[in-house]
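# Overview (structure and organization)
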Amino acid sequence: MELHVRYEGDDDPDKCSARKLARMDEAELHRATRSTPPGIVLNPFAEQALSPADRPTAGDGARHSRLVALDCSWETAEREAFDLEGIHRSLPFLVAGNPVNYGTAFQLNTVEAFAGALAILGERDHAERILSTFSWGHTFLELNEEPLERYANCEDSSDVIDVQDDYLAEE
């Protein structure tokens, strides 16, 4: 899958996972909403959760073979900022493995969001590859091993929400 980032540039450039992905030719950064291609938009405000039902299939066209994330500070993330063209999906319960938000649920950085989405969509190897350049990348997969496997085995968004509810009940 192609990875695209609507890049706001308001985080520390030395710690920005989106910039590192771009340097490694794993993602393309876009400075404007207009230049960001349509795709599956990872949006924490979306009403429907990402699920295996969102996997691209033959005939879907390029739109479904792209993941799009908004890279901005959590402090400035607002519903309106996610005005990107495409199918909007939220990620289910996952825990950050990065040093800034370690152990915090739903506070993933860009590479973690992409990796989580890729794993749910059945592209685990791609998820591992993009995380491999981060010293803490394996931590994200280790912390979320069970939920990612369970989400990837769901039929649709409602099944993903049912699995997520199991984890939220434990919190």
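Above this text you will find the structure in question.
Residues numbered from 1 in each chain as written. Predicted model: local features only at pLDDT ≥ 70, side-chain atom pairs only at ≥ 80, totals over all residues. Heavy atoms only, no water.

Within the chain, the regular secondary structure consists of six helices and five strands. N-terminal to C-terminal, the α/β element order of the chain is β-α-β-β-β-β-α-α-α-α-α. The buried share of the chain, reckoned over its 171 residues, is 49%. Across the chain, every contact between residues at least 6 apart in sequence was considered, and the portion connecting residues at least 24 apart equals 72%. Carbon and sulfur atoms provide 44% of the accessible area of the chain, an area that totals close to 8500 Å². (Helix = DSSP H or I, 4+ residues; strand = E, 2+ residues; numbered from the N terminus. Buried < 20%, exposed > 50% of the residue type's maximum accessible area, 1.4 Å probe, protein only. Contact = heavy atoms within 4.5 Å. Areas by Shrake-Rupley, 256 points an atom, 1.4 Å probe, with all protein chains shown as cover.)

Take the side chain of Asn-43 next. Looking at the secondary structure, you find Asn-43 in the loop between strand E3 (39-42) and strand E4 (66-71). Here His-88 takes part through its side chain, which lies 2.9 Å from a polar atom of the side chain of Asn-43. (Polar contact = N/O pair within 3.5 Å; in protein donor to acceptor, adjacent residues only side chain to side chain.)

Following both chains from N to C, one finds helix H2 (residues 110-120) and helix H3 (residues 124-131) inclined at 165°, their axes separated by 7 Å at the closest point. For the element pair H2 / H3, the angle class is roughly antiparallel. In terms of crossing hand, the pair formed by H2 and H3 is left-handed. Facing Val-111, Phe-114, Ala-115, Leu-118 and Ala-119 of H2, the residues of H3 in contact are Arg-124, His-126, Ala-127, Ile-130 and Leu-131. Of the residues assigned to the contact of H2 with H3, the class counts are eight nonpolar, one polar and one charged. (Axes fitted to C-alpha atoms, helices over the stretch in contact; angles between N-to-C directions. Parallel < 35°, antiparallel > 145°, perpendicular 65-115°, else oblique. Left-handed = near helix turned anticlockwise from the far one by under 90°. Nonpolar A, V, L, I, M, F, W, Y, C, P; charged D, E, K, R; others polar.)

What follows covers the nonpolar core. Counting 42 residues, the largest nonpolar core has Leu-67 and Phe-114 as its most contacted members. Of the residues forming this core, the biggest block, eight residues, is contributed by H2. Setting aside residues up to four positions removed in sequence, Phe-114 forms contacts with Leu-3, His-4, Val-5, Leu-21, Leu-42, Leu-67, Val-68, Ala-69 and Ile-130. (Core = buried A, V, L, I, M, F, W, Y, C linked by side-chain atoms within 4.5 Å.)

The next point concerns the packing of aromatic side chains. For the structure shown, the criterion picks out three aromatic pairs. Three or more aromatic residues link up through ring pairs in this structure, and these residues are Phe-93, Phe-106 and Tyr-167. The ring of Phe-134 has Lys-20 lying over it, and the distance from NZ or CZ to the ring centre is 4.7 Å. (Phe/Tyr/Trp six-rings, centres within 6.5 Å; stacked < 30°, edge-to-face > 60°. Lys NZ or Arg CZ within 6 Å of the ring centre and 35° of its normal.)

So, on to the packing of H2 against helix H5 (residues 145-152). Look at H2 against H5: their axes get within 8 Å of each other, and the N-to-C directions meet at 45°. When the axis of H2 is compared with that of H5, the two are oblique. Along its contact with H2, which presents Gly-116, Ala-119 and Ile-120, the element H5 presents Leu-148, Tyr-151 and Ala-152. For the contact of H2 with H5, the class distribution of residues is five nonpolar, one polar and no charged.

For the rest of this paragraph, the subject is H5. When H5 is considered as a whole, its buried residues turn out to be Pro-147, Leu-148, Tyr-151 and Ala-152. End-on view of H5: buried residues confined to an arc of 130°, all on one side of the axis. Considering only its buried residues, H5 is in contact with H2, helix H4 (137-143) and helix H6 (157-170). (Arc of directions from axis to C-beta.)

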